Amino acid sequence: MNKKIIKIQKKKGKIKIVCLTAYSKSIAKILDNYVDIILVGDSMANVLYGHKNTHKISLENIIQHTLSVKMGVKKSLLVADMPIGSYSNPKIALKNAKTILKKTGCDAIKIESNKQNYKIIDFIVRKKIPVMGHIGFTPQFKKKFKIEGQSAKERNKLIKEAKFIEKAGAFSIVLECLSANSAAAITKKLKIPTIGIGSSLYCDGQILVTDDMLGISGFYPKFVKKYVNLDRIIEKAVKKYSREVKLNKFPKKNNFLDGSKRRT
Ligand code: KIV
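Residues numbered from 1 in each chain as written. Predicted model: local features only at pLDDT ≥ 70, side-chain atom pairs only at ≥ 80, totals over all residues. Heavy atoms only, no water.

### Looking at the site of the ligand
The ligand sits among T21, L39, G41, D42, S43, D81, K110, H134, V174 and I197. One of the side-chain nitrogen or oxygen atoms of S43 is found 2.5 Å away from an oxygen atom of the ligand. Out of a free accessible area of 260 Å², the ligand has 95% covered by protein chains. Of the residues assigned to the shell around the ligand, the class counts are three nonpolar, four polar and three charged. (Near = heavy atom within 4 Å. Polar contact = N/O pair within 3.5 Å; in protein donor to acceptor, adjacent residues only side chain to side chain. Areas by Shrake-Rupley, 256 points an atom, 1.4 Å probe, with all protein chains shown as cover. Nonpolar A, V, L, I, M, F, W, Y, C, P; charged D, E, K, R; others polar.)

### A few points about the domain arrangement of the protein chain
Accessible area lost upon the coming together of the parts is a frequently used measure of interface size. The domains assigned to the protein chain are domain 1 (3-228) and domain 2 (230-264). Taken over C-alpha atoms, the centre of domain 1 sits 39 Å from the centre of domain 2. Both faces considered, domain 1 and domain 2 share a buried interface measuring about 320 Å² in area, 66% of it formed by carbon and sulfur atoms. Viewed at the interface, domain 2 and domain 1 are joined by zero salt bridges. Linking domain 1 to domain 2 there are three residue pairs in polar contact (both at pLDDT 80 or more). Counted by class, the side of domain 1 that touches domain 2 contains three nonpolar, one polar and no charged residues. (Domains from an automatic or database assignment. Buried area = accessible area lost by both parts, 1.4 Å probe. Salt bridge = Lys/Arg side-chain N within 4 Å of Asp/Glu carboxyl O.)

### What to know about a nonpolar patch on the surface
Residues I216, I234 and V238 make up a contiguous nonpolar surface patch of about 230 Å² in total accessible area. Inspection of the secondary structure assignment puts I234 in helix α10 (residues 230-246). The partly exposed category is assigned to I234, whose relative accessible area is 41%. (Patch = residues over 30% accessible without salt bridge, like charges linked within 9 Å, V, L, I, M, F, W, Y side chains within 5 Å. Helix = DSSP H or I, 4+ residues; strand = E, 2+ residues; numbered from the N terminus. Buried < 20%, exposed > 50% of the residue type's maximum accessible area, 1.4 Å probe, protein only.)

Listed below in structure tokens is the structure:
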């Protein structure tokens, strides 16, 4: 198995696993020193392309952004999301997963659960493609947002689903918007690490959409902590640039190319 995956799995119950999303080289390069997993998520649909949901993201979109991210990654495990429709049966899933891995050089793919695609995970894993599972609020299959696993009945269903995904061979599983009790129960019952988003701290690791935690996505549900208001910082810089251009204060002589170093 991939050495990075083994290292991540060994952290379960001992050291928290740190994950973030990236869609480009420049961001990935910054994240790479501080995270275990970088996910090229289909959340790019909302964050980058302004779509209402993740359904219009194509395999080609994922490939192009993963290629860009890969250029900035040296240490982290690089996981690419399988977009909706790209894993409708085992053969199609395998073909598309192979294409993503071959074209981008990423380490693994992520598949959202619809409670029926365990066989697809099993089939891909048997062909030696590492798969990350994803349960709870899975935007490819659920329209209406709801905190999952609030009743004992729902919690038991989620535990069952997570166990099926583990049995199918997933190396890790994302728990999205689960009640704290459900996240804790699943984390305890599984041998593979659980990565939470909006699912309390009772998970083996955490993931956030990077643009959300940087404050540039405009989408900040309760489970997101904004670590910086980057939108304000960018606005300040752009405002200053605009003013300086208009006032002939930029470029200055030291920005002139003759006599100063050229950018390669
Ligand atoms: O698409 C994505 O970014 C994701 C994370 C939110 C887990 O699936």
